[in-house]
Amino acid sequence: MRYAPPALWRRHGLAVPAMPVLALASALLAQAQAGPGAQQPPAAVSPPSFAGVVVDPGHGGDDHGAVGATGIEEKALVLGVAQRLQSLAALHGGIRVRLTRDDDRALTLDQRATAANSSPGILFVSLHANFSPSPKTAGVEVGTYRAAGPSAQEVRVAPRRSGPAPPAPPVSRWAALVRWDQAQAQHVERASVVAQRLVERFRAMGTVGPRAWFQAPLKPLSAVNMPGVLVELGYLSNADDEGALVSEERQAALAQAVLDVVLASIENGALPAGPR
Amino acid sequence: MMWRALAVAGAVVLLLALGAGAWMISRGPVAPAVVRSSDVEAPPAPTSHITATLFFGDPGGRGLIARRVDVPLGASVAEQGEAILLAALGTRPPGTTPVVPVGTRVRAFYLDGTGTGFVDLSAEVRTKHTGGSFAEALTVAAVVNAVTSNLPSVARVRLLVEGREVETLAGHLDLAEPFLPDLSLVVGRPAP
């Protein structure tokens, strides 16, 4: 493939990115002059390098979320599973997990997205518990973002077509302005891969709901600037689901399932590997 | 003498009758008589209702089911929309479950002239919502589909609560944009 330098470099008559090359050469020269025993200057302030998994326990504070017949509240249930997931990840050592809240506090959806975007991760997992008008509905479901209205539909990811991939548009990465409230639209494809794997895993556990994988204009995901999935851990309106969800075994199994899928997705390249 | 006078008179009458008959035949079919409205029965009254397709909860818990319901005829699209919403939030047909919180009222329905209908609901649609993204999706879809399925001039629906824009109903579905009709949650056979 023929190398084509970006337009900005071509404008200045450069065939390679000048600044990074110059900076690298200067650093190597300084290192050689200082010798192996020289002290390193303090590192400059760099952008956050988190790149782990952001787990968002839904609701909190005055917002109890759904409430089961026995009184179990969605906000407490999802916080418990999120903390288990964080502990399991720490134990495993394969991926770092951060929570948007680690206590019973109220956060707006924009505050959650801001917290996630300020320290970029490879995946955003919003944990929820479901409810249905019918007590028969049961099972785990996974949601991904899909724009709702006519204007938002313009940012939908184009469906895959057979044949060679179209050439990349002649714009630089820095020119790709994205509306805050539609940041998730550019991550839908990758999020969908993870969602399908989660559904497969939950199906193997024998507990998938009627929608299995659903796509909707999900507000908890829309402004998140990384692949995002919303996991509904079960129906609090269903007696069997509610009974299972209060058990530590079930909560641990759900947390383990999410962690396994994240690690497997990193392993096979569906998600990028972050620092461990 | 008298008999002679009678014969002449009879002949005159006969000639007049023949002449009148010939004249009537020559002017073609007889025109219909003028009929006053009070002389006949009144025409049937105009239809006072429409049959609308509305959406309610499936007792099996799989989604929405469609039902055909008589709704009062509205004088305009806006009035018809309001009547449809009142029916959608009113008495449920047997064999269905509620998907819009009980106590929710229709505050207004209006159009913007570009195919967007605005449904303004009372606060109960949020404060009495059960929560859960599935229940929330059923609520939104039932309202949006009720309007768009019965009013061809309404292509999309924007939901408002107490006259204001809201972020979500129960923390999941983004209400910032109007919704297009979505029949993916409708299960079972078409409405009877």
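Our structure is the block above this text.
Peer 1: Explain empty space enclosed by the protein here, please?
Peer 2: It is a probe the size of a water molecule, rolled over the atoms, that shows where empty space is left. All names here are of chain A. Counted by the stated rule, this structure contains two cavities of 30 Å³ or more. Approximately 30 Å³ is the volume found for the second largest cavity. Along the walls of the second largest cavity sit Val53, Val55, Leu85, Ile95, Val97, Val258, Leu259 and Val262, which together make up its complete lining. For the lining of the second largest cavity, the secondary structure elements donating two or more residues are strand E1 (53-57) and helix H8 (248-267).

Peer 1: Got a minute to help me understand the nonpolar core in this structure?
Peer 2: One broad trend across soluble globular proteins is that nonpolar side chains are buried collectively. Among the nonpolar cores identified, the biggest contains 59 residues, and Leu54, Leu64, Val119, Val140 and Val147 of chain B are the most heavily contacted of them. Counting residues in each nonpolar core, the second largest holds 42 residues, with Val53, Val194, Leu245 and Leu271 of chain A among its members.

Peer 1: Can you help me understand the layout of surface pockets in this one?
Peer 2: One number sums up the size of the largest pocket: a volume of about 530 Å³. Considering the residues around the largest pocket, the lining is formed by 28 residues, among which His59 and Asp63 of chain A together with Arg126, Ala170 and Gly171 of chain B are closest to the centre. When contributions to the lining of the largest pocket are tallied by element, the ones reaching two or more residues are helix H4 (109-117) and strand E3 (123-130) of chain A together with helix H3 (124-127) of chain B. Residues belonging to the lining of the largest pocket are distributed by class as follows: eight nonpolar, 14 polar and six charged.

Peer 1: Would you explain the interface of chain A and chain B in this entry?
Peer 2: Often, the extent of an interface is quoted as the loss of accessible area on bringing the components together. Taken residue by residue, the interface counts 35 residues in chain A and 29 residues in chain B. Summed over both sides, the interface of chain A with chain B buries roughly 2100 Å², with 59% coming from carbon and sulfur. When the buried surface of chain A facing chain B is broken down by residue, Phe131, Pro133 and Lys219 of chain A rank first, second and third, together holding 24% of it. Viewed at the interface, chain B and chain A are joined by eleven residue pairs in polar contact (both at pLDDT 80 or more). Counting only elements with at least two residues in the side of chain A that touches chain B, the list comes to E3, strand E5 (208-216), helix H6 (219-222) and strand E6 (228-235) of chain A. Considering each element in turn, the side of chain A that touches chain B owes the most residues, four residues, to E5 of chain A.

Peer 1: What is the right way to look at H8 of chain A in this model?
Peer 2: Along an α-helix, residues three or four positions apart point the same way, because every turn accommodates 3.6 residues. In this model, H8 of chain A (20 residues) spans 28 Å end to end at C-alpha, consistent with the 28 Å of a helix rising 1.5 Å per residue. For H8 of chain A, the complete set of buried residues consists of Arg250, Gln251, Leu254, Ala255, Ala257, Val258, Leu259, Val261, Val262, Leu263, Ser265 and Ile266 of chain A.

Peer 1: Just to check I follow, could you spell out helix H2 (residues 77-88) of chain B for this structure?
Peer 2: The end-to-end C-alpha distance of H2 of chain B, which contains twelve residues, comes to 16 Å, matching closely the 16 Å that a straight helix rising 1.5 Å per residue would cover. Of the positions making up H2 of chain B, those classed as buried are Gln80, Gly81, Ala83, Ile84, Leu85, Ala87 and Ala88 of chain B.

Peer 1: Looking at this structure, how should I read the pairing of strand E4 (residues 140-145) of chain A?
Peer 2: Two faces make up the sheet, and in a regular strand the side chains alternate between them. Residue and element names in this part refer to chain A. Most of E4 is tucked away: six of the six residues are buried. The alternating pattern of E4 places Val140, Val142 and Thr144 and Glu141, Gly143 and Tyr145 on opposite faces, both of which are buried. Pairing between E4 and E6: three bridges, direction antiparallel. Considered in E6, the bridge of glycine 143 is made with leucine 230.

Procedures and definitions
Residues numbered from 1 in each chain as written. Chains lettered and ligands numbered in written order. Predicted model: local features only at pLDDT ≥ 70, side-chain atom pairs only at ≥ 80, totals over all residues. Heavy atoms only, no water. 1 Å grid on protein atoms, 1.4 Å probe; cavity = no way out; pocket = protein on both sides within 12 Å on 5 of 7 lines; lining within 4 Å. Points joined across faces, edges and corners; volume = space filled by probe spheres on them. Helix = DSSP H or I, 4+ residues; strand = E, 2+ residues; numbered from the N terminus. Core = buried A, V, L, I, M, F, W, Y, C linked by side-chain atoms within 4.5 Å. Buried < 20%, exposed > 50% of the residue type's maximum accessible area, 1.4 Å probe, protein only. Nonpolar A, V, L, I, M, F, W, Y, C, P; charged D, E, K, R; others polar. Contact = heavy atoms within 4.5 Å. Buried area = accessible area lost by both parts, 1.4 Å probe. Polar contact = N/O pair within 3.5 Å; in protein donor to acceptor, adjacent residues only side chain to side chain. Expected span 1.5 Å × (residues − 1). Pairing = 2+ DSSP bridges.

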